[in-house]
Every structure is written in C-alpha cells, then in structure tokens.
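Letter by letter, the chains look like this.
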Amino acid sequence: MIAAHLPVLQIVVPLIAAPLCLLLRRGALAWGLALLASWAALAMSVLLLSQVLSDGPVSYALGDWAAPWGIEYRVDSINAFVLLIVSAVGAVILPYARRSVAHEIPAEQHSAFYTAFLLCLTGLLGVAITGDAFNLFVFLEISSLSSYVLIALGRDRRALTAAFQYLVMGTIGATFIVIGIGLLYMVTGTLNMADLAQRLPPLGQNRTVVVAFAFLTIGASLKLALFPLHYWLPNAYTYAPSAVTGFLAATATKVAVYILLRFFFTIFGPEFAIETLTLQHLLVPLAVIAILVCSTVAIFQDNIKRMLAYSSLAQIGYIVLGIGMASPTGLTAGIVHLFNHAMTKGGLFLALGCIFLRVGSVRLESMQGLGRTMPWTMFAFVLGGLSLIGVPLTVGFISKWYLVQAALEQDSWLLAALVLAGSLLAIIYVWRVVEVAYLRPPPAGAAAVREAPLSMLIPTWVLIGASIYFGVDTSLTVGVANKAAVMLLGGAP
Amino acid sequence: MDVLGLYNYWIVIVLMMTGFYVVISRGNLIKKVVGLNIFQTSVFILYISMGKIIGGTAPIVAPGVTVYSNPLPHVLILTAIVVGVATTALGLTLIVRIKEAFGTVEESEILQQRDDT
C-alpha cells in the first residue's frame, strides 16, 4: 500500500517536516525532526532505486490525475540514482550539522536553519523525481531560494553578498529555464517530459525548438556552474556555514547536471542534441578549460574552502566532459562521477568544518601541525584529496579510468592527456595542505587543538569511507551509471 | 515576415533585454533587483500571450462559443509570479542585511570594503 506511494512520499515527508521544524522553535527538537525526515527520505530513495532496478521505471500520477493533465512523477535508473545521492548526503550531513551549526549559527536561528535545510532537500529531490517540465522549475526555485538563505547564514558578512550574487545569477538561470520550457510548450502543447520526448523529434530543426534548447542549456549551465558561468560558486561555498557548503557542494550542482542530462538526452534526444546541434563542440572545450583553469586557480588559494570550491568547478568539468563525449562510456563516467564527487567533496568539506570548529579558521597557515593534533580529521582530508587526484582504490580513480577510456575510444589522446594533466594539478593543491598539516610543527604559543567531536568525525568518515569503498567495489555505482547511460542514449524515457 | 503582428513578442524581447541590461550594468543592489523583476516580467508576458487565442474567450463552457483561450499558461505563470515575489522579497531582505553589515548598497563600495579586510 505504502510502497505504491513511495515517489510522492519522497517529497512530501521532508516538505511537511520543514514548516514543523519552524513551529518546534527549539533548535534541538527541530534538528531531531529534520534528522528523522532525512533518514526517511534516504530509506525511500533506497527502496525506489531497488524497485527501479528490479522492475523498471516507476510512474506515479500525482493526485490520481492521469499523466498529460496531472503531474507525473517518473523514476528511472538515472533519477533514482540522483535521488539516492541527494538523500544519502542529506542523511549523513544532518547528524554532523548539530555541533557545527551550534558553533557557527546563533541559537535563535537554529529551527529556521533546519527548515531551510529541509526545504532545500525537498527542492533537490523534487527536481530529480518529477516528470513534468514546469514542476521541475518550481522545485528548482524551492531549492534555490532555500539555499540562498542557507548561504546567507554564514558568520562572515561576505556571506550576505555571496548569497545575493548567487540569488541574481540563480534567478537568471532559472528564468532562462522557464523561457525554454515555455517555448517548448508553445510548439508541443505539453509539459510532460515523456510526451515532449515523443513530440519534439518530428519538429526537426524548428527555430523555436532550437531557441528553447539554447535557453535551457544556458540556464542549466548557470545552475551547475559550468565555466564561464561559475562566478557565483566560489564565494557561495567559501562563506556559507560548513554543513551547508558540504551539502550544496555534494548535491546542488549534481542536480543541475541531472537537469542538463534530462533535457539533452531524454527530452531533446541524443540525435538532436549531439548530431544535429553538435553540442559536444561546445561542452568539451568548456569542460577542458574548467578542468585546467579552475585547478590552476585552486593552487593559488590560501583559503582552503575556496581552494576546494575551485576544485569543485574542475570536477564539474570532468562530469561535463563525460557528458560531452556522448558515448556510453563517457556518459557512464560522467554519471558515476556525480556520485563519486558527491562523496569525496562532501567528505572534504565536512573535514574542513571539523577544522573550523577546533581551529576557528580554514586558512592554510592556520592548519600547521594539524596532522598531529587532529589526526583523524586530517587523515580523512588526505584520503579525500587522494580521491580528487584519482589515485587507485579511490572513487576518483574509477571516474577518471572511465573518462580516459571514453577519450581513447574516440582516439582522442589529447583529451586523455588533459584529464591526466588535471590530476597532476590536483596533486599540487592537495599537497600544499598535506605539507603544511604534516611536515610543519604546530605554531609555537598557539592554543592546544583537540580532535573534532565524534558526532562530526563519524559523518565525515562515512562519506570518505564511501569514497574508498566504492573505489574498490564498483558494481553498484558503475552498474547503475552504465544502465542509466545506455537508457539515456537509447532515447527511451 | 510579419513583424508588426508579432508585437507581443517584441515587447517581451525589449523588456527582457532591458531587465537583463539593468542587472548587469547597475552597481546599486536595489536597481539589480528591479532589473531582475523586469526580466522576469517579460517571461510572464511571454507565457500569458502564448495562451491567448484570437477570438477565443475564457475557458468556461457557454452556448454558442467554440473557441477558447488556453488557460494552462496563465495558471503556470501564476506560480512563476509567486516565485518571483519570493525571490524579490528574499533579495530585498538580503539587501537590508548587507546595508547593516557594510553600510552601503553600492556594489563598488562593498567590493572596496571586502578588499580592505
């Protein structure tokens, strides 16, 4: 009985829990409720994924209104995977958030923080699950508006300007997406993604369709911070509270990539996006520039949170590169890197949050000697760093392995070499931190630093552990990603 | 090509570009929000004019009427208007907080203060 309503419960549970958090007022109670809701969301997304893997796509008619009139929720292998990533990261970060938020945000704002957090989770899950193009925009704005609030809660006053900057860029991106959806509705008369996918191909290179495609591409690229539309991301990640940075870095850009995948491959279809409009000629160069330029900029950052933000931009480059190659292997690499990067970067930002709790700064010079005083946190950071580089036995290696394979399949030695060059740059920026933390003694006269509390260490290690475990046992992640890639290229919804 | 007959789209494009230009070129944060609003309003008009059918009436079944306008884009844009209002409210709230923290709403002066610290 309940199982039939899983798709809608996935959204409704965090959505209803959000205002309840605000009504509870007490920060600890709100945290408890948010924790329950996020774990429930994780359980449901696991059930949905297993249902999809065994029985194929799940369709749910909202309010029992049949598809073209009502909103359809449709779960297939790609969005079940994205749902799992988002809800898993949410469920891991909430236990961590309690100490971190208590440290970084004034007590009277705690219940509001958890409300915004749950709304953001709802929005991201909603974008992933919905089968209706306009509904996607509404959920996107729910997640965006709440993430502006979350970023503005940062202690530094620059968090406010970062949030405002993101608000302007994010609103432009979302408005572009609505324009695109509106133009598609003009020519097809439907908003249901499955119907759109059927009615668009006969239209061919209709001018309206091409313009809609352009608006959707730019809008989604703004949200996923593809170079050169990435200007908002470094500030937003740097000044947001630690738990928020971890959550957004692991989920928000991933969901934007999903929007891109959904529109390119399911709705417009690979023939239109890749063969007719030759989108790969745009995506691949931008992705390569993102990898090289942003990795290089990361090397020169003294604020480690900002360094990881630039590294995120480079990693988004890897994901988009995989998508741009548009072969089954390339898409598999891109999709599997969604998961892998979420685990790695989520874990790294959480480790930084532990450091911020104990040291009060995430600048490079304040990390001297932390290898001795905070061994567990720093070891987690090192393992995450290894995964960013792509050392074997980490998830980063798996992604790069498939990327390089995809490049070689297309006889593109240059792309393979550029991917490896990106790894070399990652070695430099990770090494800077390792050197300071392990090879330099703690500054004389500094206050003694203790290891982070277990409530924060365990979530950090869960994500870092996942980025090691799935680097060894890839059957789940690569299996699902491969299935999703084949489905997307097959054009079936 | 029928240029004048498509006047509703010309209005949309002019408004869209006006709003977009204001967002990009103005350093005053409030003016940026105003520009963002104009930008979003152009999309509202795009949707609303798309649902209108010449000679069509409100979609209520009545004797002797066969042509109806499409109500769906109008309903959709109601949602988008709500989103726009929420965005504006949040943007203005952030500006109030920025004014408290930096003492100004001019982007250049804020950037200057950020460089100093």
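Here, the structure is the one placed above.
Below you will find a few notes about this structure.

Reading guide: rules and limits
The numbering scheme is per chain: residues are counted from 1 as the chain's sequence reads. Following the order in which they are written, the chains are lettered starting with A and the ligands numbered starting with 1. Under the rules for a predicted model, residues below a pLDDT of 70 receive no local features and side-chain atom pairs below 80 are neither given nor counted, while totals for whole chains, interfaces and linings still include all residues. As a rule here, side-chain values cover all heavy atoms of the structure and leave hydrogens and water aside. It only takes one pair of heavy atoms within 4.5 Å for two residues to be counted as in contact. Two parts placed together each lose some accessible area under a 1.4 Å probe, and the buried area is that loss summed for both. A carboxyl oxygen of Asp or Glu within 4 Å of a side-chain nitrogen of Lys or Arg is what we treat as a salt bridge. Think of a polar contact as two N or O atoms within 3.5 Å of one another; within protein, one of them needs to be a possible hydrogen donor and the other a possible acceptor, and neighboring residues in sequence only count if both atoms come from side chains. For helices the rule is a DSSP run of H or I covering at least 4 residues; for strands it is a run of E covering at least 2, with both sets numbered from the N terminus onward. All residues other than Ala, Val, Leu, Ile, Met, Phe, Trp, Tyr, Cys, Pro, Asp, Glu, Lys and Arg, Gly among them, are scored as polar; the first ten of these are nonpolar and the last four charged. Given the number of residues in a helix, its expected span is that number minus one, multiplied by 1.5 Å. Two axes define the bend at a residue: one fitted to the seven residues ending there, one fitted to the seven starting there, and the bend is the angle between them. Categorising residues by exposure relies on relative accessible area from a 1.4 Å probe, with only protein chains included: less than 20% of the type maximum marks a residue as buried, more than 50% marks it as exposed, and the intermediate range marks it as partly exposed. For Phe, Tyr and Trp, where Trp contributes only its six-membered ring, two rings pair if their centres lie within 6.5 Å, and the inter-plane angle classes them as stacked under 30 degrees, edge-to-face over 60, or tilted in between. Only when the NZ of Lys or the CZ of Arg is both within 6 Å of the ring centre and within 35 degrees of the ring normal is a charge said to sit over the ring. Strand pairing is defined by DSSP finding a minimum of two bridges between the two strands. Buried Ala, Val, Leu, Ile, Met, Phe, Trp, Tyr and Cys residues form a nonpolar core when they are joined through side-chain atoms within 4.5 Å.

In this section: the interface of chain B and chain A. Contact with chain B, which involves 35 residues of that partner, is made by 29 residues of chain A. Overall, the association of chain B and chain A removes approximately 3000 Å² of surface from exposure, summing both partners, and the carbon and sulfur fraction of that is 80%. Between chain B and chain A we count zero salt bridges in total. The interface formed by chain B and chain A includes five residue pairs in polar contact (both at pLDDT 80 or more). Put simply, the parts of the chain that give the side of chain B that touches chain A at least two residues each are α1 (7–25), α2 (29–51), α3 (72–102) and α4 (107–116) of chain B. It is α3 of chain B that contributes the most residues to the side of chain B that touches chain A, 16 residues altogether. Here the side of chain B that touches chain A is built from residues that sort into 25 nonpolar, seven polar and three charged.

A few words now on helix α14 (residues 328–359) of chain A. Residues and elements named next belong to chain A. Its 32 residues place the ends of α14 46 Å apart at the C-alpha level, agreeing with the 46 Å of an ideal helix rising 1.5 Å per residue. The principal kink in α14, of about 30°, is found at H337. Judged by how many residues are buried, α14 sits mostly within the fold: 29 of 32 residues are covered. The positive-phi residue at the C-terminal boundary of α14 is G360, with phi of around 85°.

So, on to the pattern of salt bridges. Overall, the coordinates contain six salt bridges over all chains when judged by the stated rule. Here R363 of chain A and E365 of chain A are joined by a salt bridge, their closest N and O atoms 3.3 Å apart. Judged by relative accessible area, which is 44%, E365 of chain A ranks as partly exposed. In this structure, E107 of chain B and K32 of chain B form a salt bridge, with 3.8 Å as the shortest nitrogen-oxygen distance. You can see E107 of chain B sitting in helix α4 and its partner K32 of chain B sitting in helix α2, a full 75 residues away along the chain. The class of E107 of chain B is partly exposed, set by a relative accessible area of 32%. Owing to a relative accessible area of 8%, K32 of chain B belongs among the buried residues under this scheme.

Our next topic: the packing of aromatic side chains. The description of an aromatic ring pair rests on the distance of the ring centres and on the angle between the ring planes. Residue and element names in this part refer to chain A. A complete count under the given rule lists 21 aromatic pairs over all chains for this structure. Measuring from ring centre to ring centre gives 4.1 Å for Y166 and W232, while their planes differ by 5°; the resulting arrangement is stacked. Of this pair, Y166 sits in helix α6 (residues 158–188) while W232 sits in helix α9 (residues 232–239); the two residues are 66 residues apart in sequence, bridging distant segments of the chain. Ring plane angle 90° and centroid distance 4.8 Å describe the contact between F213 and F268, whose orientation is recorded as edge-to-face. Of this pair, F213 sits in helix α8 (residues 207–224) while F268 is found in helix α10 (residues 242–268), placing the two residues 55 residues apart along the sequence. Grouping residues by exposure puts F213 and F268 together as buried. Taken together, the ring pairs in this structure connect F81, F339, Y469 and F470 into an aromatic cluster. In this arrangement the basic side chain of R98 is found over the ring face of W31, its NZ or CZ atom lying 4.8 Å from the centre.

We now examine unusual backbone geometry. Residue and element names in this part refer to chain A. At the junction of F227 and P228, the peptide bond is cis and its omega measures out at 0° in the coordinates. Turning to its location among the elements, P228 is positioned in the loop between α8 and α9. Unlike most non-glycine residues, R25 shows phi in positive territory, near 65°. A relative accessible area of 68% means that R25 is categorised as exposed. With a phi close to 65°, D64 is a non-glycine residue in the positive phi region. Within the secondary structure layout, D64 lies in the loop between β1 (58–61) and β2 (72–75).

Residues and elements named next belong to chain A. In β1, alternate side chains face the same way, and those of V58 and Y60 are buried while those of S59 and A61 on the opposite face are not. Direction of pairing for β1 relative to β2: antiparallel, over a ladder of four bridges. Paired with S59 across the strands is R74, a residue of β2.

Considering soluble globular proteins, one finds that nonpolar side chains tend to be buried as a cluster. Residues Y114, F268 and L321 of chain A are the most contacted members of the largest nonpolar core, which totals 225 residues. Among the elements that take part in this core, α10 of chain A stands out by supplying 19 residues, more than any other.

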